[in-house]
Amino acid sequence: QVQLVESGGGLVQPGGSLRLSCAASGSIFRINNMGWYRQAPGKQRELVATITRTGVTNYADSVKGRFTIDRDNAKNTVYLQMNSLKPEDTAVYYCNADIRVGGSWWSSDYWGQGTQVTVSS
């Protein structure tokens, strides 16, 4: 019923920038919090940044000052602008959203398929 589709990943040199996008589609009534998580090889998935429907943001300490999360509620889309990228940012990045679908009284957690970000010279 609901899909999250990420785009924008790739290979970038240290110090470079990338912008990830995640668009939600389907029978959506309302999207609450949206966010980005990442998982590096051999490590657990970790929070990168979240944003509420009204634009309140939260960041992991490791990305503060370098990454910016924002969203377009009209497009059901969340973005992650990543600047000053470091090799340790290399991971699969996942989009997450708390979505209430049409006809439902509650919301559920949805995940995208992930997009690879590799920071290497």
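Asker: Where do I start with the sheet that holds strand S8 (residues 77-82) in this structure?
Answerer: Strand pairs in the sheet, formed through backbone hydrogen bonds, run parallel or antiparallel to each other. Ordered by their spatial adjacency, 4 strands build an open sheet running S1-S3-S8-S7, and the pairing between neighbours is antiparallel. The sheet is open, and its two borders are formed by strand S1 (2-7) and strand S7 (67-72), each paired with just one other strand. Going across the sheet, the axis of each strand differs from the next one's by a mean of 15°, ignoring polarity. Bridging between S7 and S8 involves 6 bridges; their strand directions are antiparallel. Note that in S8 the partner of aspartate 72 across the bridge is threonine 77.

Asker: How should the pattern of salt bridges be read in this particular structure?
Answerer: Two side chains of opposite charge can pair, provided their charged atoms sit close to one another. All told, the structure shown has 5 salt bridges when counted by the stated rule. Residues aspartate 70 and arginine 19 are paired through a salt bridge, measuring 3.7 Å at the closest nitrogen-oxygen approach. Placement of aspartate 70 in strand S7 and of arginine 19 in strand S3 (residues 18-26) is noted, with a sequence separation of 51 residues between them. Of the residues examined, aspartate 70 reaches a relative accessible area of 29% and is grouped as partly exposed.

Conventions we followed
Residues numbered from 1 in each chain as written. Predicted model: local features only at pLDDT ≥ 70, side-chain atom pairs only at ≥ 80, totals over all residues. Heavy atoms only, no water. Pairing = 2+ DSSP bridges. Helix = DSSP H or I, 4+ residues; strand = E, 2+ residues; numbered from the N terminus. Axes fitted to C-alpha atoms, helices over the stretch in contact; angles between N-to-C directions. Salt bridge = Lys/Arg side-chain N within 4 Å of Asp/Glu carboxyl O. Buried < 20%, exposed > 50% of the residue type's maximum accessible area, 1.4 Å probe, protein only.

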